[in-house]
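Reading the structure
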Amino acid sequence: MLENFEFISLSETDSTQIYAKRLFSKKKLKHGLVITAEKQTAGVGRYDRKWESPEGNLYFTLVLKPTISVNYWSQLSYAIGVSIGEAILLIDHNLDIKYKWVNDIMLEGKKVAGILLENLEDQFLLIGIGVNLIKNQAIDNLQATCLSEHSNNFNKDLLLDTILRRIKMNYEVFHSLGFEPLRNLWLKRALNLGSNIKANFADHSVEGRFLGIDAKGRLELFSEGEVKFIDAAEVYFG
Ligand code: BTN
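Let me begin by describing the structure that accompanies this report.

Reading the values: rules and limits
Residues numbered from 1 in each chain as written. Predicted model: local features only at pLDDT ≥ 70, side-chain atom pairs only at ≥ 80, totals over all residues. Heavy atoms only, no water. Near = heavy atom within 4 Å. Polar contact = N/O pair within 3.5 Å; in protein donor to acceptor, adjacent residues only side chain to side chain. Areas by Shrake-Rupley, 256 points an atom, 1.4 Å probe, with all protein chains shown as cover. Helix = DSSP H or I, 4+ residues; strand = E, 2+ residues; numbered from the N terminus. Nonpolar A, V, L, I, M, F, W, Y, C, P; charged D, E, K, R; others polar. Pairing = 2+ DSSP bridges. Right-handed = clockwise from strand over helix to strand, strands pointing away. Core = buried A, V, L, I, M, F, W, Y, C linked by side-chain atoms within 4.5 Å. Buried < 20%, exposed > 50% of the residue type's maximum accessible area, 1.4 Å probe, protein only. Contact = heavy atoms within 4.5 Å. Axes fitted to C-alpha atoms, helices over the stretch in contact; angles between N-to-C directions. Parallel < 35°, antiparallel > 145°, perpendicular 65-115°, else oblique. Left-handed = near helix turned anticlockwise from the far one by under 90°.

Considerations on the site of the ligand
Taken together, 20 residues form the shell around the ligand, and within it Ser-15, Thr-16, Val-44, Arg-46 and Lys-111 come nearest. Between the ligand and Gln-40 there is a distance of 3.0 Å, counted from a nitrogen atom to a side-chain nitrogen or oxygen. Contacts to the ligand include Val-44, whose backbone N or O atom sits 2.7 Å from a nitrogen atom. Taking 420 Å² as the accessible area of the ligand by itself, protein coverage stands at 100%. Secondary structure elements with two or more residues in the shell around the ligand: α1 (16–25), β3 (58–64), β6 (110–120) and β7 (124–131). Among the elements that line the shell around the ligand, the one with the most residues is β6, at four residues. Partitioned by chemical class, the residues of the shell around the ligand number seven nonpolar, ten polar and three charged.

In structure tokens:
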């Protein structure tokens, strides 16, 4: 369970993920720790990409020590995505929020938030979250947008507080009811469900119809007459 959060609030750091790793090497990480930064000088995105982090947007790392088997940790990325989407919609229910496999939150078809999950030696899970609040940070060749372009309801403290409350709630849902309810919530707002998409591997790509995600959290793609299952770890989308 996730009872209380503890906060480390930094005005500037290289990356809240790297900061957490330094704490890990000093054996100072704890379940429920939240590290926030006003800006990051070396913010990291997925696949070692840079995450531009000027002042004004939301950047934080939440540290979890999940009690479930490490085999299921990647399913938590859906719980986190859904929590961010729900938090945004709680603050402004008029917004058009969608989830793009595996870890992007889209607003009117453009990326508004990203999630980076890192497993620290099967002991801790670092959940890095970046939300474009007032500045667009394009990444992965995706078009980007920010919340302030669409709504006046947002401020950083409210957004952080609402996201953490939803994560706490959905973490409990995950523990008590399993992956299924979160998978369904994610699929209700999945971008491109039923359409053709392209999954890029390091040395090849697979195109097919996006059928859904399976009970293990893998992407189901109908390609060359069969259903292919793709793990998030293997793939990036160009
Ligand atoms: C992505 O979409 O590629 C994931 C982006 C994750 C960015 C956040 S910002 C807070 C945390 N610290 C980092 O250096 N990265 C994550």
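Structural notes on the pairing of strand β1 (residues 6–13)
Relative to strand β2 (residues 33–40), β1 runs parallel, the two being bridged by seven bridges. Residue pairing for β2: Glu-12 is matched across the bridge by Lys-39. Taken together, β1, α1 and β2 form a β-α-β motif whose crossover is right-handed.

A closer look at the nonpolar core
Residues Ile-88, Leu-147, Leu-159 and Trp-186 are the most contacted members of the largest nonpolar core, which totals 55 residues. In terms of residue count, helix α2 (residues 76–91) provides more of this core than any other element does, ten residues in total. Contacts of Ile-88, omitting those with residues within four sequence positions, involve Leu-95, Ile-97, Ile-105, Val-112, Leu-147, Phe-154 and Leu-159. Among the nonpolar cores identified, the runner-up in size contains twelve residues, and Ala-20, Leu-23, Leu-29 and Leu-33 belong to it.

So, the packing of α2 against helix α4 (residues 180–188)
Their axes nearest at 9 Å, the elements α2 and α4 cross at an angle of 50°. As the angle between them shows, α2 and α4 are arranged oblique. Between α2 and α4 lies a crossing whose hand is left-handed. Every residue of α4 that contacts α2 at Tyr-78, Ala-79, Val-82 and Glu-86 is listed here: Leu-182, Leu-185 and Trp-186. A breakdown of the residues in the contact of α2 with α4 according to their chemical character gives six nonpolar, no polar and one charged.

Here we look at the sheet that holds β2
Strand order in the open sheet formed by seven strands is β1-β2-β3-β7-β6-β5-β4, and the pairing between neighbours is mixed. Where the open sheet ends on each side, the last strands, each with one partner, are β1 and β4 (97–100). Along the sheet, successive strands turn relative to each other by an average axial angle of 20°, direction set aside. Bridging between β4 and strand β5 (residues 104–107) involves four bridges; their strand directions are antiparallel. Counterpart to Tyr-99 in the pairing with β5 is Ile-105.

Describing the sheet that holds strand β8 (residues 196–200)
Ordered in space as β8-β9-β10-β11, the four strands form an open sheet in which the pairing is antiparallel. Two strands lie at the open edges of the sheet, namely β8 and β11 (226–230), each paired on one side alone. Direction aside, neighbouring strands of the sheet carry axes that sit 50° apart on average. Relative to β11, strand β10 (residues 219–223) runs antiparallel, the two sharing five bridges. Paired with Glu-220 across the strands is Phe-229, a residue of β11.

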